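A structural walkthrough
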Amino acid sequence: MKKTISILLVVLLASACLFADVSLTGELGFGYKVKFDGTVENLDYLNLGSTYGGRFKIKLGSDYVNGELRMDAITVEDGKFTTGVRQPINGYATVKASKLVADVFEVSLPVGVELYVGNQSFSASYNWAYLDPQGNEKKISLNASRSSMPLGVAVSYDKYVTAKAWGSIVDGDKKGLLEAQIAPIDGVKAMIAYGVNQKADKDNFQVAALVDVKTLADLDFNLAASAQVIANTDDFAKATYFAAVKGGYENIGGYAEYINAAGVNNLYAGASYGIASDKAPTTLSAGVGITKDFSKVGASIGADTQIKNIELNVKLGCDDFSDFAKNGYVRFASYITF
């Protein structure tokens, strides 16, 4: 089945090349985390689990089909380049079915329909209705990541409602993911997702809502609030609850986030200041975290600079003030896009 899907994917992408705009894009990143106790850790700056990582993409686009072929997780090990994954070359195609039908058969559908084939990214939706000021949701997969589900469909009605379904029919590894995104008015979003993983025997769900107060009240400063719950249907006692508020005025920003994970309380807060520049816009930031049922306190300060397509990041922090020498660190990272 995987071979059949791969062949179909290649055919779709090859067909798209005949009438598509083609572009080559890529990402490279590396970094280190130097701890105060003398140890050095690789920084997973691209979520690739290595000191140096990258991915290259060939994108195809037309009125009816969008596609992408990419090589993921390129790393350096013992002086040699390696992909570090079993299937280093991945790809997907998105077919704009409703537009294709409308133009070919001159039939206008009441809803928009898109069909998906290949290795889609899960990250596009799981924080759609949550502010996620710290990026904690990167760990969320609902046990049913899209990256392992090669088939999908999305049906939408204008900008108000979108329903998505993803699936894998590989024997012994059957997975499914259902999503519903609702935006009844400008400034309000809600989402519910349900993931099924027969192999892991775990069904998870996510419910989230976001209110953009600035849009609703026509404020002259940024202010938004959101909340969500993520839980396993068989073990609701270990559910994770999120709540966040984020705002700012001109070049000053701030946030507060509360997370209750399996009954353990955690509170985070942070502020940022942006320095405008034509050549190197820079953001200074500071944050504090009170974790483990408010028994541990940590803090950090950092700076992020953008020089054309190169992002440079440095951060000084300590995740636990009670053991400053052990848990303090300096983080250096670089991220390049092209």
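Refer to the structure presented above.
Reference entry: report on the structure contained in this document. (Residues numbered from 1 in each chain as written. Predicted model: local features only at pLDDT ≥ 70, side-chain atom pairs only at ≥ 80, totals over all residues. Heavy atoms only, no water.)

Considerations on the pattern of salt bridges
Spelled out, the test is: Definition used for salt bridges: Asp or Glu carboxyl oxygen within 4 Å of a side-chain nitrogen of Lys or Arg. Helix and strand assignments follow DSSP, with helices taken as H or I runs no shorter than four residues and strands as E runs no shorter than two, numbered in order from the N terminus. Burial classes: relative accessible area under 20% of the type maximum marks a residue as buried, over 50% as exposed, and values in between as partly exposed (1.4 Å probe, protein chains only).
One pass over the structure, following the stated rule, counts 4 salt bridges. Between K159 and D186 there is a salt bridge, and its shortest N-O distance comes to 3.2 Å. A residue pair is termed long-range when its members are at least 10 positions apart, and K159 in the loop between β9 (151-157) and β10 (161-168) and D186 in the loop between β11 (175-182) and β12 (188-197) qualify at 27 residues. Since its relative accessible area comes to 52%, K159 is described here as exposed. Residue classification places D186 among the partly exposed residues on the basis of a relative accessible area of 49%. With a closest N to O distance of 3.9 Å, K238 and D235 form a salt bridge. Accessibility expressed as a relative area gives 57% for K238, which makes it exposed.

Some words on a nonpolar patch on the surface
What counts, and what does not: For patches, a residue must show more than 30% relative accessible area and have no salt bridge; joins then use 9 Å for like charges and 5 Å for nonpolar side chains, namely Val, Leu, Ile, Met, Phe, Trp and Tyr. To be clear on the numbers: accessible area is Shrake-Rupley with a 1.4 Å probe, and residue cover counts the displayed protein chains and nothing else.
A cluster of nonpolar residues, F36, V288, V297, I301, L316, F321 and F324, forms a patch on the protein surface that exposes about 590 Å² of accessible area. Relative to the elements of secondary structure, F36 occurs in the loop between β1 (21-35) and β2 (40-42).

Digging into the pairing of β11
Threshold: When DSSP finds at least two bridges between two strands, those strands are taken to pair.
Sheet topology note: the β10/β11 ladder contains 8 bridges and is antiparallel. Within β11, the position partnered with K164 by the bridge is E179. When β11 meets β12, the two strands line up antiparallel, connected through 8 bridges. Residue pairing in the sheet places A180 in a bridge with I192 of β12. Between the end of β11 and the start of β12, which pair antiparallel, lie 5 residues, with G187 showing a positive phi angle near 105°.

Side note on the packing of aromatic side chains
Where we set the bar: Between 30 and 60 degrees the pair is tilted, below 30 it is stacked and above 60 it is edge-to-face, where a pair is any two Phe, Tyr or Trp rings, Trp via its six-membered ring, whose centres lie within 6.5 Å. Ring-over charges, as used throughout, are those where CZ of Arg or NZ of Lys falls within 6 Å of the ring centre and within 35 degrees of the ring normal.
If you walk through the whole model with that rule in mind, you get 5 aromatic pairs. Taken together, a centroid distance of 6.4 Å and an interplanar angle of 35° make the contact between Y157 and Y160 tilted. On the numbers, 6.1 Å between centres and 15° between planes, the contact of F205 with F236 is stacked. Within this pair, whereas F205 is found in strand β13 (residues 202-212), its partner F236 is found in strand β15 (residues 235-249), the two being separated by 31 residues in sequence. Here the guanidinium or amino end of K33 rests over the ring plane of Y329, the centre of that ring lying 4.3 Å away. Sitting over the ring of W128, K189 keeps its end group 4.8 Å from the ring centre.

Focus: the environment of S168
Structurally, the position occupied by S168 is in strand β10. Using a relative accessible area of 5% as the deciding quantity, one classes S168 as buried.

Describing the nonpolar core
Here is the rule: Definition of nonpolar core: a set of buried residues of the types Ala, Val, Leu, Ile, Met, Phe, Trp, Tyr and Cys, connected through side-chain atoms within 4.5 Å. The contact definition used throughout considers only heavy atoms, calling two residues in contact when any of these lie within 4.5 Å.
Core analysis: the largest hydrophobic core is formed by 6 residues, namely Y130, I230, F242, A244, I259 and Y268. Setting aside residues no more than four positions away along its own chain, A244 makes contact with Y130, L131, P133, A224, A225, S226, A256 and E257. With 5 residues, the next largest nonpolar core counts Y116, M149, A154 and L177 among its residues.

Description of unusual backbone geometry
A positive phi is found at E106, a non-glycine position, where the angle reads about 55°. Mapped onto the elements of the fold, E106 is located in the loop between α2 (97-105) and β8 (112-118). With relative accessibility at 72%, the residue E106 sits in the exposed group. A positive phi angle, near 55°, is found at A262, a position not held by glycine. Within the fold, A262 resides in the loop between β16 (252-261) and β17 (264-275). Note on A262: relative accessible area 44%, which makes it partly exposed.

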